[in-house]
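# Observations on chain architecture
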Amino acid sequence: MWINGRKGARFQKAEFRESNEALGNPGCGWYHVYPFVIRVPSELSLEETKLCISDISRDERLVLVRIDIGDFRAGDIPAEALEDIFRIFDLFHISQKQMILRFTYDSVGKGMEREPQDISIVKRHMNQLGKLICRFASDILVLQGIFVGSWGEMHHSKFLTVFHMSELLGCLYRAVGDSCYLAVRTPEQWRSIMACARTDPALKKRVGLFNDGMFGSPTDLGTYQAVSRQEELEWQSRSVASVPNGGEAVADERPVRCRQAVEEMAKMHLCYLNSSYQQEQLDYWKKERVALPGCWKGISGYEYIGRHLGSRFVICDAKAHGGQMEIVIENCGFSRLYEEAECFLVWEEKSGRTGRRRIDANASEWESGKKTILRIPLPDTGKEAEESRVFFQMRRKNDGRSLRFANQGAGDRVLLGILKYR
């Protein structure tokens, strides 16, 4: 046998089993809501906020930061208020919490009354805040909404005609560029905006959905109105797989069982979900046990859902032949990876010599529920090497942080196997 140009070498692959561990990767998971109301003179108490962040959900890496700017609906956002918003962003940056961000003019359900009278003011606010958003882009997963509607949820607003929505989403996109993803409230809003002649075609690859009425009724509290629920789920499965989607689960007359929720969340490609609302539904999942074999047997529905939000990569197999290594990777999560990542082949020789080579692979293309096969050249080990342990590693591009795989025993890398030369 010839491997890597050396006669007699053989590859002994590792044992690949999925773990049920929470991986703690960025860009996915449960979140809490942190609401702020910006006023001048400032009433913002960052000390109270610091205590809140330190005491609640230490293990949650995502937060939904909702910022009410309704006091400025008649004109520009003053410098003092912008400084308060900067301090909020910086606080979550320091706390290493990734933000789902939403700006609103209303925090009490009176969007029509509290939003600006003219769309030009909303646009000015978007342009003012765009610079701050770009500055903290690496800390922001997605920017929800277009500032209008009750709680910023794109309902009960005078600016929800197709023309107005296209204008506002286009303005927001120009203000933040590709620095973060955007999201609208319903599939019909998404389709209407994208069909508008004024809409930048590039937005199709940047805009997802936030569903804050999940399971609340057959239409998810009005989320689905144009066509049937099943048709909308199938549409989401096809059309918004490449962008972050999330929201809140709301119990209807009785809670939804984990099995149904998982099937629908996979079609929605969910990567984030509220961990405090609605408690009746969440408590039901916490008590429910998953009836699946293997590593998931007996785990709670809440844990199972949480550990499948976003991407969840498992290496299923690895083999070597003809100077190449073939690696099979399955994405068991509900969605793709939305972080730019770099993949590496790492090897450690028995002598202690180590090496690493970047792999030409785009992990954001590894689809949910499917397997991907990578074919890469074997490591170029030293001629004196007797054997080498070979690993697969993935890191976030912007900060080099390891992105964990869901293989048993994996830390910041997965053992593929051992190359033996003698």
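How each quantity is defined
Residues numbered from 1 in each chain as written. Predicted model: local features only at pLDDT ≥ 70, side-chain atom pairs only at ≥ 80, totals over all residues. Heavy atoms only, no water. Helix = DSSP H or I, 4+ residues; strand = E, 2+ residues; numbered from the N terminus. Rg over C-alpha atoms; globule rule 2.2 N^0.38 Å. Buried < 20%, exposed > 50% of the residue type's maximum accessible area, 1.4 Å probe, protein only. Lys, Arg positive; Asp, Glu negative; His and termini not counted. Charge placed at Lys NZ, Arg CZ, Asp CG, Glu CD. Contact = heavy atoms within 4.5 Å. Salt bridge = Lys/Arg side-chain N within 4 Å of Asp/Glu carboxyl O. Core = buried A, V, L, I, M, F, W, Y, C linked by side-chain atoms within 4.5 Å. Phe/Tyr/Trp six-rings, centres within 6.5 Å; stacked < 30°, edge-to-face > 60°. Lys NZ or Arg CZ within 6 Å of the ring centre and 35° of its normal. Pairing = 2+ DSSP bridges. Axes fitted to C-alpha atoms, helices over the stretch in contact; angles between N-to-C directions. Polar contact = N/O pair within 3.5 Å; in protein donor to acceptor, adjacent residues only side chain to side chain.

For the protein chain, the helix and strand inventory stands at 10 helices and 18 strands. Taking 422 residues into account, the globule formula puts the C-alpha radius of gyration at 22 Å, and the protein chain, at 24 Å, falls close to it. Considering only C-alpha atoms, the protein chain reaches an extent of 80 × 45 × 45 Å along its principal axes. The 422 residues of the protein chain split such that 57% are buried. Charged side chains of the protein chain number 60 positive and 57 negative; the gap between the two group centres comes to 7 Å.

Turning next to helix α8 (residues 258-268). For an α-helix, the turn length of 3.6 residues means that residues three or four places apart are oriented alike. Every buried residue belonging to α8 is among C258, A261, V262, E264, M265 and M268, and all of these are buried. Taken together, the buried residues of α8 touch β9 (207-214), α7 (229-239), β10 (245-249), β11 (270-274), α9 (279-287) and α10 (301-306). Directly beyond the C-terminal end of α8, a positive phi value near 55° is found at H269.

This paragraph deals with the pattern of salt bridges. Inspection of the entire model under this criterion finds 31 salt bridges. A salt bridge links E18 to R312; the nearest nitrogen and oxygen atoms lie 3.5 Å apart. In this pair, E18 sits in the loop between β3 (10-13) and β4 (29-37) while R312 sits in the loop between α10 and β12 (313-321), placing the two residues 294 residues apart along the sequence. D220 is the salt-bridge partner of R229, the closest N and O atoms lying 2.6 Å from each other.

What follows concerns the nonpolar core. Counting residues in hydrophobic clusters, the biggest one holds 70 residues, and the most contacted among them are I67, I69, F89, F103 and I133. With near-sequence residues (within four places) excluded, F103 lies in contact with I67, I69, I85, F89, L129, I133, L143, F147 and G152. Judged by nonpolar contacts, the second largest core, of 32 residues, contains A320, L337, A363 and M394.

Take the packing of aromatic side chains next. All told, the structure shown has 14 aromatic pairs when counted by the stated rule. Arranged with centres 5.5 Å apart and planes meeting at 70°, the rings of F89 and F136 form a pair that is edge-to-face. Highlighted residues: F89 in helix α2 (residues 79-94) and F136 in the loop between α4 (119-135) and β7 (140-144), separated in sequence by 47 residues. A residue is classified by how much of its surface remains accessible, and F89, at 0% relative accessible area, is buried. Cation over ring: R191 sits above W235, and NZ or CZ is 4.8 Å from the ring centre. Positioned above the aromatic ring of F344, the side-chain terminus of R356 is 4.1 Å from the ring centre.

With that settled, consider unusual backbone geometry. Residue P41 is reached from V40 by a cis peptide bond, and omega for that bond is 0°. Note on placement: P41 falls in the loop between β4 and α1 (46-55). A cis amide bond links Y277 to the next residue, Q278, at an omega of -5°. Assignment of secondary structure puts Q278 in the loop between β11 and α9. With a phi close to 60°, M154 is a non-glycine residue in the positive phi region. Of the residues examined, M154 reaches a relative accessible area of 2% and is grouped as buried. One non-glycine residue, H156, lies in positive phi territory at about 55°. Note on placement: H156 falls in the loop between β7 and α5 (162-176).

So, on to the sheet that holds strand β18 (residues 414-420). The 5 strands are arranged β3-β18-β17-β14-β15 in an open sheet whose pairing can be described as antiparallel. In this open sheet, the two strands that pair with only one neighbour each are β3 and β15 (354-359). Between one strand and the next, the sheet's axes are offset by a mean angle of 25°, whatever the strand orientation.

All right, on to the environment of E15 then. Topologically, E15 is positioned in the loop between β3 and β4. According to the relative accessible area criterion, E15 is exposed, its value standing at 58%. For the pair E15 and I69, spaced 54 residues apart in sequence, the C-alpha separation works out to 54 Å. Here R17 takes part through its side chain, which lies 2.8 Å from a polar atom of the side chain of E15.

The analysis is restricted to geometry; functional conclusions fall outside its scope.
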